[in-house]
Amino acid sequence: KQKENGTMIRVPLHIKKLSIYIIIIAVIGSSCNTTKNIPEGDYLYKGVKWETRDGKIDKDIKSGMGKVARPKPNANFLGVPYKLIIFNLLPEPKKQKGLLYKMKYKWAEKPVLLSQVKPKIVETKLSDYLFGYGYFRPEIASEKVLDKKKAWIKYQIKPNTRYTIRDIYYPQ
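Overview of the structure. This one's a predicted model, so the numbers in the text were calculated from it and none came from an experiment. (Residues numbered from 1 in each chain as written. Predicted model: local features only at pLDDT ≥ 70, side-chain atom pairs only at ≥ 80, totals over all residues. Heavy atoms only, no water.)

Turning to the overall build of the chain, a few remarks are in order. Within the chain one finds five helices and three strands. Secondary structure elements in the chain, listed N-terminal to C-terminal, are α-β-α-α-α-α-β-β. Considering the chain as a whole, with its 172 residues, one finds that 27% of them fall into the buried category. Intrachain contacts of the chain at a sequence separation of at least 6 include 65% that bridge at least 24 residues. Here the chain has roughly 13,000 Å² of accessible surface; of this, 56% comes from carbon and sulfur atoms. (Helix = DSSP H or I, 4+ residues; strand = E, 2+ residues; numbered from the N terminus. Buried < 20%, exposed > 50% of the residue type's maximum accessible area, 1.4 Å probe, protein only. Contact = heavy atoms within 4.5 Å. Areas by Shrake-Rupley, 256 points an atom, 1.4 Å probe, with all protein chains shown as cover.)

Within the secondary structure layout, Gln156 lies in strand E3 (residues 150-158). Residue classification places Gln156 among the buried residues on the basis of a relative accessible area of 19%. Within the structure, the side chain of Gln156 is placed 3.0 Å from the side chain of Glu143, a separation counted as a polar contact. If near-sequence neighbours (up to four positions away) are discounted, Gln156 is found in contact with Glu51, Arg53, Glu139, Ile140, Ala141 and Glu143. (Polar contact = N/O pair within 3.5 Å; in protein donor to acceptor, adjacent residues only side chain to side chain.)

With that out of the way, let us pick up the sheet that holds E3. Backbone hydrogen bonds hold the strands of a sheet together, and the pairing may be parallel or antiparallel. One open sheet holds the three strands; their spatial order is E1-E3-E2, and the pairing between them is mixed. Looking at the sheet topology across the chains shown, the edges are occupied by strand E1 (44-52) and strand E2 (139-147). Averaged over all pairs of adjacent strands, the angle between their axes in this sheet comes to 20 degrees, without regard to strand direction. Two strands pair when backbone bridges link them, and E1 and E3 are joined in this way by seven bridges, in the parallel orientation. The residue bridging Tyr45 from the neighbouring strand is Ala151, located in E3. (Pairing = 2+ DSSP bridges. Axes fitted to C-alpha atoms, helices over the stretch in contact; angles between N-to-C directions.)

With that settled, consider a nonpolar patch on the surface. Taken together, the side chains of Phe77, Leu78, Val80, Tyr82 and Ile86 present a nonpolar region at the surface, about 510 Å² in accessible area. Topologically, Phe77 is positioned in the loop between helix H2 (59-68) and helix H3 (82-89). Of the residues examined, Phe77 reaches a relative accessible area of 56% and is grouped as exposed. (Patch = residues over 30% accessible without salt bridge, like charges linked within 9 Å, V, L, I, M, F, W, Y side chains within 5 Å. Salt bridge = Lys/Arg side-chain N within 4 Å of Asp/Glu carboxyl O.)

So, on to a positive patch on the surface. Taken together, the side chains of Lys67, Arg70, Lys72 and Lys125 present a region of like positive charge at the surface. Mapped onto the fold, Lys72 is located in the loop between H2 and H3. Assessed through its relative accessible area of 38%, Lys72 is described here as partly exposed. (Lys, Arg positive; Asp, Glu negative; His and termini not counted. Charge placed at Lys NZ, Arg CZ, Asp CG, Glu CD.)

Take the packing of H2 against helix H5 (residues 119-132) next. Helices that pack against each other are described as a pair by the angle of their axes relative to one another and the distance between those axes. Following both chains from N to C, one finds H2 and H5 inclined at 150 degrees, their axes separated by 10 Å at the closest point. Relative to H5, the element H2 is oriented roughly antiparallel. As H2 runs across H5, the sense of the crossing is right-handed. Seen from H2, the contacting residues are Asp60, Ile61, Gly64, Met65 and Val68; seen from H5, they are Lys125, Leu126, Tyr129 and Leu130. (Parallel < 35°, antiparallel > 145°, perpendicular 65-115°, else oblique. Left-handed = near helix turned anticlockwise from the far one by under 90°.)

As C-alpha cells, then:
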C-alpha cells in the first residue's frame, strides 16, 4: 500500500502469515461436504421456515415460536456449520476418553437428521404457544422441503383472531 506522499507501508510478516492461514482454513472448511455422514434415505435437518396465512403474528411471538421448534439444527457461524465440519473431519476415536474423543463428541456436533424431527409434536406445541398469547384455535400444517441431502420443515400457520382482555373490573 502507498501513503499519500508516495512512500510504501510495510505489512508485518505475522499478519501476512495469519491471513494466509485464514484463507487456507476457509478453503478447506468450505470444501468439506457436510452431508457425507448422512445415512442413505435421510436428510440433514437445516431448521424451520414460517409462513403465516390470513393473519399477522407479532415479531416477539414469532421469535418465541423459533424456540418452540425442536430439535435445533446444527450450529452455524456465517452460514457454515463449523461444529458439523469438525465432527466429519475427525476420525472415530478408539477409546471413550482422551482429546480426540472430547473433540469429536463434546466440541463438535453430530448431524441433526430429518428422521429425528417430529412435526406433529411441534405443531401441537406451537398451537399451545399461540393459545397462550390469545390466538384461539390456530390452524397449523407442516410440510417437508427437501433439497439434495438437506431438508427444512415449513410450518404454515393460520393464527385466526387474537383475543385480548381490554378492561378488568374487580368487585368492591
